[in-house]
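Each chain, letter by letter, is given below.
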Amino acid sequence: MRSFRRPAAGLGCLITLAAATGCSDQDGPARAAPSVTTAPGTPAPARSGTSYAPYVSAGEAAATDSAGSPTTYNLAFVISDGDDCVPRWDGSHAIKDAKVAARIAKLKEGGARVRVSFGGASGRELAANCDSAPELAAAYGKALDAAGTTLADFDIEGDELGDSASTALRSEAIAQLQKERPGLKVSFTLPVMPSGLSKASLALLASANSHAVQVSTVNLMTMNYGSKYDGDMGGYALTAAEAAHAQLRKTFKTSDATAWRGMALTSMIGVNDVKGETFTLADAAEVRAFAEEKGIAWVSMWSTARDRSCADGTGSTKAATHCSGVAQKPGAFGRVFAG
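Bear in mind the structure is a predicted one, so any value in this text is a computation, not a measurement.

### Points about empty space enclosed by the protein
The space that makes up the largest cavity amounts to roughly 50 Å³. If you go around the largest cavity, you meet 10 residues; those closest to its centre are Arg-115, Lys-185, Ser-187, Ser-216 and Thr-217. Counting residues per element, the ones that place at least two in the lining of the largest cavity are strand 7 (151-155), strand 8 (185-191) and strand 9 (215-222). The greatest single-element share of the lining of the largest cavity, amounting to 3 residues, is contributed by strand 8.

### Section: the confidence of the model for the chain
For the chain, the mean per-residue pLDDT works out to 88, and 85% of the residues sit at or above 70. In the model, residues 15-25 has pLDDT below 50 throughout and makes 26 contacts with residues more than four positions away in sequence or in other chains. A low-confidence stretch, residues 28-48 stays under pLDDT 50, and its non-local contacts, those more than four residues away or across chains, total 47 contacts.

### Brief notes about the nonpolar core
Within the largest apolar cluster, 76 residues are counted, with the highest numbers of intra-cluster contacts made by Trp-89, Phe-118, Tyr-140, Phe-188 and Phe-337. The leading source of residues in this core is helix 5 (residues 233-252), at 9 residues. In this structure Phe-188 touches Asp-153, Phe-154, Arg-170, Ile-174, Leu-204, Leu-205, Ala-208, Val-215, Thr-217, Val-218 and Asn-219, once residues within four positions along its chain are discounted. Core analysis: the second largest hydrophobic core is formed by 11 residues, Met-1, Ala-76, Met-221 and Val-271 among them.

### Let's talk about the packing of helix 5 against helix 7 (residues 281-294)
Packing of helix 5 against helix 7 leaves a shortest axis separation of 8 Å and a crossing angle of 25°. Considering the angle they form, helix 5 stands roughly parallel to helix 7. Here the hand of the crossing between helix 5 and helix 7 comes out right-handed. Contacts between helix 5 and helix 7 involve Met-233, Gly-234, Gly-235, Ala-237, Leu-238, Ala-241 and Glu-242 on the former and, on the latter, Asp-283, Glu-286, Val-287, Phe-290 and Lys-294.

### Re the state of the cysteines
According to the stated counting rule, one finds 2 disulfides in the structure shown. With its sulfur 1.8 Å from that of its partner, Cys-85 forms a disulfide with Cys-130. As the torsion about the S-S bond is roughly 85°, the Cys-85-Cys-130 disulfide counts as right-handed. Taken together, the residues Cys-85 in the loop between strand 3 (72-80) and strand 4 (87-89) and Cys-130 in the loop between strand 6 (113-119) and helix 2 (133-147) connect sequence positions 45 residues apart. Side by side, Cys-85 and Cys-130 carry an identical accessibility label, which is buried. With its sulfur 2.1 Å from that of its partner, Cys-310 forms a disulfide with Cys-323. Taking the torsion about the S-S bond as the criterion, the Cys-310 to Cys-323 disulfide, at about 85°, is right-handed.

### Observations regarding the packing of aromatic side chains
Overall, the coordinates contain 14 aromatic pairs when judged by the stated rule. Look at Tyr-225 and Tyr-236: their rings are 5.7 Å apart centre to centre, the planes differ by 75°, and that puts the pair in the edge-to-face class. Of the two residues, Tyr-225 is situated in the loop between strand 9 and helix 5 and Tyr-236 in helix 5; the sequence distance between them amounts to 11 residues. Exposure class is identical for Tyr-225 and Tyr-236. Each is buried. Here the aromatic residues Tyr-52, Phe-279, Phe-333 and Phe-337 are joined through ring pairs into a cluster of three or more. Positioned over the ring face of Trp-298 is Arg-115, at 4.3 Å from the centre of the ring.

### Considerations on the pairing of strand 10 (residues 263-268)
In terms of burial, strand 10 is a largely internal element, 6 of the 6 residues being buried. Burial along strand 10 is two-sided: the face carrying Met-263, Leu-265 and Ser-267 and the face carrying Ala-264, Thr-266 and Met-268 are both buried. Bridge analysis of strand 9 against strand 10 gives 5 bridges, and the strand direction is parallel. Note that in strand 10 the partner of Thr-222 across the bridge is Ser-267.

### So, helix 4 (residues 199-210)
Note that an α-helix has 3.6 residues per turn; residues three or four places apart therefore point the same way. With 12 residues, helix 4 extends 16 Å between its outermost C-alpha atoms, agreeing within 8% with the 16 Å of an ideal straight helix rising 1.5 Å per residue. Taken from the residues just after helix 4, Ala-212 is the one with a positive phi, measuring 65°.

### Observations regarding the packing of helix 2 against helix 3 (residues 164-180)
One way to put it is that helix 2 packs onto helix 3 with a least axis distance of 8 Å and a crossing angle of 60°. One element, helix 2, and the other, helix 3, form an angle in the oblique class. When you trace helix 2 past helix 3, the crossing you get is right-handed. Taken together, the residues of helix 3 that come into contact with helix 2 (itself represented by Ala-133, Pro-134, Leu-136, Ala-137, Tyr-140, Gly-141 and Leu-144) are Leu-169, Arg-170, Glu-172, Ala-173, Ile-174, Gln-176 and Leu-177. Classifying every residue of the contact of helix 2 with helix 3 by side-chain character gives 10 nonpolar, 2 polar and 2 charged.

Rules used in this analysis
- Throughout, a residue's number is its position along its own chain's written sequence, starting from 1.
- With pLDDT at 70 or above as the cut-off, local features in this predicted model cover only qualifying residues; side-chain atom pairs require 80 or more to be listed or tallied, and sums for whole chains, interfaces and linings still use all residues.
- Each side-chain value is derived from all of the structure's non-hydrogen atoms; neither hydrogens nor water enter the calculation.
- Grid spacing is 1 Å over the protein atoms alone, the probe is 1.4 Å, and a cavity is where that probe fits but cannot get out, while a pocket is an open set with protein on both sides within 12 Å along at least five of seven lines and lining residues have an atom within 4 Å of a point.
- Grid points are joined across faces, edges and corners, and a volume is the space filled by probe spheres set on the points.
- Secondary structure elements follow DSSP: runs of H or I no shorter than four residues count as helices, runs of E no shorter than two count as strands, and numbering proceeds from the N terminus.
- Note on scores: pLDDT gives the predictor's confidence for each residue, bounded by 0 and 100.
- Throughout, a residue-residue contact means that at least one pair of heavy atoms, one from each residue, lies within 4.5 Å.
- To form a nonpolar core, buried Ala, Val, Leu, Ile, Met, Phe, Trp, Tyr and Cys residues must be joined to one another through side-chain atoms within 4.5 Å.
- Between buried and exposed lies partly exposed: a residue is buried under 20% and exposed over 50% of the maximum accessible area for its type, with that area taken using a 1.4 Å probe on protein chains only.
- With axes taken as lines fitted to C-alpha atoms, and helix axes fitted only over the stretch in contact, angles between N-to-C directions fall between 0 and 180 degrees.
- With respect to orientation, any angle under 35 degrees is reported as roughly parallel, any angle over 145 as roughly antiparallel, any angle of 65 to 115 as roughly perpendicular, and every other angle as oblique.
- Definitions for this section: a left-handed crossing has its near helix turned counterclockwise from the far helix by less than a right angle. A right-handed crossing has that turn clockwise.
- Two cysteine sulfur atoms make up a disulfide if the distance between them is within 2.5 Å.
- What counts as a ring pair is set by centres within 6.5 Å for rings of Phe, Tyr and Trp (its six-membered ring), and what kind of pair is set by the plane angle: stacked under 30 degrees, edge-to-face over 60, tilted for all other angles.
- A positively charged side chain is recorded as over a ring if its NZ (Lys) or CZ (Arg) lies within 6 Å of the ring centre. The angle to the ring normal must also be within 35 degrees.
- Two strands pair if DSSP finds at least two bridges between them.
- One fewer than the residue count of a helix, multiplied by 1.5 Å, yields its expected span.
- In this classification, the charged set is Asp, Glu, Lys and Arg, the nonpolar set is Ala, Val, Leu, Ile, Met, Phe, Trp, Tyr, Cys and Pro, and all remaining amino acids, among them Gly, are polar.

See the structure below:
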């Protein structure tokens, strides 16, 4: 998924085979519904079933952030600034930036949690720059501490997905970090096609498994498939999930139900980057119903800032950063995904 800097253009636990630990709600306590009064930071009663955990900008609030009362917010993105091993929010804000800290505190009000997402489509993921696993683990840890969370997401795509050196270094660093922080829950966000995960994505998961990384969730980016996929985006998402499910069962040697519970689905709402691909509110409802039926851990979207119509309130043929490109009410996708 792209950065907010640019204009648009083990499972269930999926745990490593070497470990066998209990599985808790991967997104933790749910945010309170509007009718429930909770003090800031007080966990609300947990929802059962599939959670809603959208991607949000770490530095810029959107009026639609809270639509659907998310249980967890995925903070996008922590990357390096140039060629160094220094974590920064979107590559531009210091990891202890006061504005970002205030934003995170606001998102947590009412009991929601935050998950730090490392990587994304723009900039360089820290594993491509850091020289050693201890250095990389320390960089990841600084971001997690700044956000006050035990949830880490690694959005790996583009050239870095096929970089075996950075993949191995990342796996080693995450394994070290989980030894230092036993409660750390890790998700990998990976591109997918209707035919399933690519060889590079499966190699990344195999690397994590070989380093004894406990993987809580594999989050599928059900979006931007290619020019020949210009039909039912909801249907493509379901087909991709079915194909990936079979792959995850094989990779982690786990049960049918556990493989579903170790999956998440993230859609790019409205107009996608690939011409002809438009994800509608009806598609969102289809994905939500499927996720509930299968027991999928969480559904997400890129992104809350896009969950509104563009300025003229009508459709568009080009993806934008701060609107969906389809006719909708503000926050409509969030409410549908929340169920």
